[in-house]
Amino acid sequence: MAFVQKPQVYKSAINTVELGVSDNKITLGGATVSPLYSFDAPIANAPKVGVEITDLGLEGEPKGIVDYYGDCKTIGEQAKKAAAMPGADFVCLRFVGAEPGEGDRSVEECVKIAKEVSEAIDIPLVIAGCKSSQKDAQIFEKIAEALSGKNVLFLSAKEENYKTVGASVGLAYSQKVGAESSVDINLAKQLNVLLTQLGVAKENIIMNLGSAAAGYGFEYVASTIDRVKQAALAQNDAMLQMPVVTPIASETWVVKEALASEEDMPEWGCQEQRGIEMEIVTAAACLACGSDAVILKHPASVATISAMVAALM
Amino acid sequence: MALTGLDIFKITPKTNCKDCGNPTCMAFAMKVAQGAIPLDKCPHISDEVRAKLDEATAPPMKTIKIGAGENEHTLGGETVLYRHDKTFVSKSLYAVAVSDGYSDEQNETAFADIAKIDYERIGERMRVDAIFVDYASDSAKFLDLVKRANDMDRALIISCSDADIAEKALEIAGAGKPVLSGANASNFEAMNALASKHGIVLGVTGADLNELHDTVEKLEKAGNKNLVLDVTMGNIKDTFAATVQVRRASIKDGDRTFGYPSIVNTARIAAGDRDMQSALASLFTVKYGSVIVMEGMRYADALPLYGLRQNIFTNPQKPMKVEPGIYALNGADENSVCALTVDFALTYFVVSGEIERSGVPVNLLITDAGGYSVLTAWAAGKLSASSIAKFFQEADIEGKIKNRTLIIPGKVAVLKGEIEDKLPGWKIIPSPPEAIQLVKYLRELDV
């Protein structure tokens, strides 16, 4: 007897959210099937891969990344190179140096850098902040103003600053708001409710459900994304139907497996390779659970993950 | 399909005799339906009816054992598609492939990888679980590889659809209870006889899911239900589709024919691309690969993959715990400062990671807090001045460490005074509340 296929197509869909403008737009979301289940029904928009650069330039980056960017002298040149990376769908500029404890870069300088990056690239831009919610609120407001009309995603509005970020980024300048919660479906939903009550349209919200490197409590990440997708698709929960973007690079390159030097751990082998595989494995697992976009930084990881997504569509 | 309480009630004697320990036959039927008690608690159901019902109430996916002795592994037995619905029970196995179709160099590297990966992570020994010996065309070379793989103290999967050659391979390796994979629509009778003779698991393949389904049905009809399904298809997309659909059909749609564990061979669908194999191994660890085959296993691949697997296959109802004790970080010795936290694995990883990033030598003391996080443990009374004092005594901290400064989690700074009372001679200082602040804090710490 032949196998009876029972495709599982839901009546609900993940919201579609556009980033960027005109010819350079990308669209996240739109799926009516479980993540990557293109055999059940065509997936409107394949998951996207972003390339992360930081305001600190190439300081402290592994050799493969430094080599890729070669002789880029300005952040603008680096951004252009990031946008040209094979497999890149968008660029994510992270303001590590805006953190009060990490140099406390001024709001004006951050705006200048964001403008330089935005002008240098021809694919959509995502702006990520630092560890201080308060500082994020300040820089996001001014960057959202300076990049008005560019349809930029800001990562992220959190419980502590969603009012300021939502009001400036989402309402005043109609950019896209990333809603960040820490690996908990209820907190994720609550933040979406609060942002929509503030007046941010749900079509302008993208969720960052939190992330962790593989091996570092990733079961919470996996189950949170699983449950959010189930609620969005099977239960038609409008407050959880926003697409999910998961930053990977910022989590995976700071764990022991990627940081331990070859002198300290000779049996572990090439340090850079460890960082790459940590990034690849974590990203693939997030996509398997349901991330609509992942943010990576190494050219080898970007190439592999984008190729995997393409192969599955 | 799972039976409802009413279905089961219909076949009980309906006498409410209480011989099963339940007040009524209905109550008994309800409990059986929930899986709370086995059907044979009722002495009045005939064997014939029981056999029929056992079939219907059996778990949707069979539990299959491969390998022997120390290298025996359990596959399958899953009851849910998402770990949050209950838990996954049988972790994915990672297998490394060798083949007479590969270059000698590739086989040598694979054997070297297998021998090299061996470490412990949160109480679990991490090794390459199995060796996948793949027959291409050179039988002498293949049998030589079988012999070498058989000496490596791992479970074997012998992938060979030529029954004559497979028989020779089993003469070498049959005692270790390998999987014989390669039964297909045209050879399944001979392969079935061979697997039955050696009492081993038979791996079934098919050009597509229809053919696979068909062959499994024929094998089941012939009495063999000790199977695994090699769901590897021609490319990545079809293999993912097959892996998910086989699992979903068995768990969600009650298709017993597909209720077996899977083998996914990334070495075949991403040959030569090691990064892609890592990505796919991750994908199939999350989505339903029971045995995942790769061309090799470097530490670079193993560290994230085994960590991921350990996470995905933890029971959501039971937090992962680390062993209480002294963890000397960054070359800490008896004169280094002590920092204390709980045995919740996630807390341990975050805190130890930040301490390692700081480069400051610290004796990290892990106390038994029932696997709870700091605040939960404190609220539950599992992290208190008394529990810490007891831990200091049992672990003989004062005998092992000369330094007398103890950093406690900032979230329980309130315990400072009580701990000072219980641990005279110690200077107790609360850390900042968040682990992320530890690097700066430790570097600036003046003790």
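Peer 1: Could you clarify how one ought to interpret the overall build of chain A in this entry?
Peer 2: Along its length, chain A carries eleven helices and ten strands. Over its C-alpha atoms chain A spans a radius of gyration of 19 Å, differing by no more than 12% from the 20 Å that the globule rule assigns to 313 residues. Counting only C-alpha atoms and orienting by the principal axes, one finds that chain A spans roughly 60 × 50 × 35 Å. In chain A, which comprises 313 residues, the proportion classed as buried is 57%.

Peer 1: What's the story with the sheet that holds strand β9 (residues 245–247) of chain A in this structure? I'm lost.
Peer 2: Pairing between sheet strands relies on hydrogen bonds along the backbone, with the strands arranged either parallel or antiparallel. Residues and elements named next belong to chain A. Sheet architecture is open: eight strands sit in the order β8-β7-β6-β5-β4-β3-β10-β9, paired in parallel fashion. Each end of this open sheet is capped by a strand with a single partner; those strands are β8 (205–208) and β9. Direction aside, neighbouring strands of the sheet carry axes that sit 25° apart on average. Bridge count for β9 against strand β10 (residues 293–296) is three bridges, and the pairing is parallel. Looking across to β10, one finds that P247 is bridged to I295. In the packing of helix α2 (residues 75–83) onto the sheet, the strands contacted are β3 (48–54) and β4 (90–94), and the crossing angle to β3 comes to about 160°. Across the sheet, helix α10 (residues 271–289) lies against β9 and β10, angled at about 170° from β10, the strand it touches most.

Peer 1: For this particular structure, what's the right way to read unusual backbone geometry?
Peer 2: Negative phi values dominate among residues other than glycine, just as trans dominates among peptide bonds. The omega torsion of the bond from A:L155 to A:S156 falls at 5°, within 30 degrees of zero and hence cis. Counting through the fold element by element, A:S156 comes out in strand β6 (residues 153–157). Positive phi, normally seen in glycine, also occurs at B:K18, with a value near 70°. In this fold, B:K18 is placed in the loop between α1 (5–11) and α2 (25–34).

Peer 1: Please explain the interface of chain B and chain A as it appears in this structure.
Peer 2: Interfaces are frequently sized by the accessible area removed from exposure as the parts join. Contacts between the two partners involve 45 residues from chain B and, on the opposite side, 47 residues from chain A. For the side of chain B that touches chain A, the secondary-structure elements that each account for two or more residues are α8 (209–221), α9 (236–251), α11 (274–286), α12 (299–312) and α13 (345–358) of chain B. The greatest single-element share of the side of chain B that touches chain A, amounting to eleven residues, is contributed by α12(B). Classifying every residue of the side of chain B that touches chain A by side-chain character gives 22 nonpolar, eleven polar and twelve charged.

Peer 1: Any chance you could explain helix α6 (residues 163–173) of chain B here in plain terms?
Peer 2: Residues and elements named next belong to chain B. By the burial criterion, the buried members of α6 are A166, A169, L170 and A173. Seen end-on, α6 carries its buried residues on one side only, within an arc spanning 100°. Exposed positions of α6 whose direction lies more than 90 degrees from the buried face are D164 and E171. The inward-facing, buried residues of α6 abut α5 (139–150), β7 (155–159), β8 (179–183) and α7 (188–198).

Peer 1: Looking at this structure, I do not really get the sheet that holds strand β6 (residues 130–134) of chain B. What am I missing?
Peer 2: Residues and elements named next belong to chain B. Read around the closed barrel, the eight strands follow the order β3-β6-β7-β8-β9-β10-β11-β12; overall the barrel is parallel. Strand-to-strand twist in this sheet, taken as the mean axis angle between neighbours without regard to direction, amounts to 25°. As defined by bridge partners, strand β9 (residues 202–204) adjoins strand β10 (residues 227–230) across three bridges and the pair is classed as parallel. Directly across from V204, in β10, lies its bridge partner L229.

Peer 1: So what exactly am I meant to see when it comes to the packing of helix α7 (residues 218–233) of chain A against α10(A) here?
Peer 2: Describing two packed helices takes the angle between their axes plus the distance from one axis to the other. Residues and elements named next belong to chain A. α10 packs onto α7 with a crossing angle of 30° between their chain directions and a minimal axis gap of 8 Å. What the angle tells us is that α7 and α10 run roughly parallel. In contact with F218, A222, I225 and D226 of α7, α10 contributes A285, C286 and C289. Partitioned by chemical class, the residues of the contact of α7 with α10 number six nonpolar, no polar and one charged.

The rules behind each value
Residues numbered from 1 in each chain as written. Chains lettered and ligands numbered in written order. Predicted model: local features only at pLDDT ≥ 70, side-chain atom pairs only at ≥ 80, totals over all residues. Helix = DSSP H or I, 4+ residues; strand = E, 2+ residues; numbered from the N terminus. Rg over C-alpha atoms; globule rule 2.2 N^0.38 Å. Buried ≥ 20, exposed ≤ 12 C-beta atoms within 10 Å, placed from the backbone. Pairing = 2+ DSSP bridges. Axes fitted to C-alpha atoms, helices over the stretch in contact; angles between N-to-C directions. Contact = placed C-beta atoms within 7 Å. Nonpolar A, V, L, I, M, F, W, Y, C, P; charged D, E, K, R; others polar. Arc of directions from axis to C-beta. Parallel < 35°, antiparallel > 145°, perpendicular 65-115°, else oblique.

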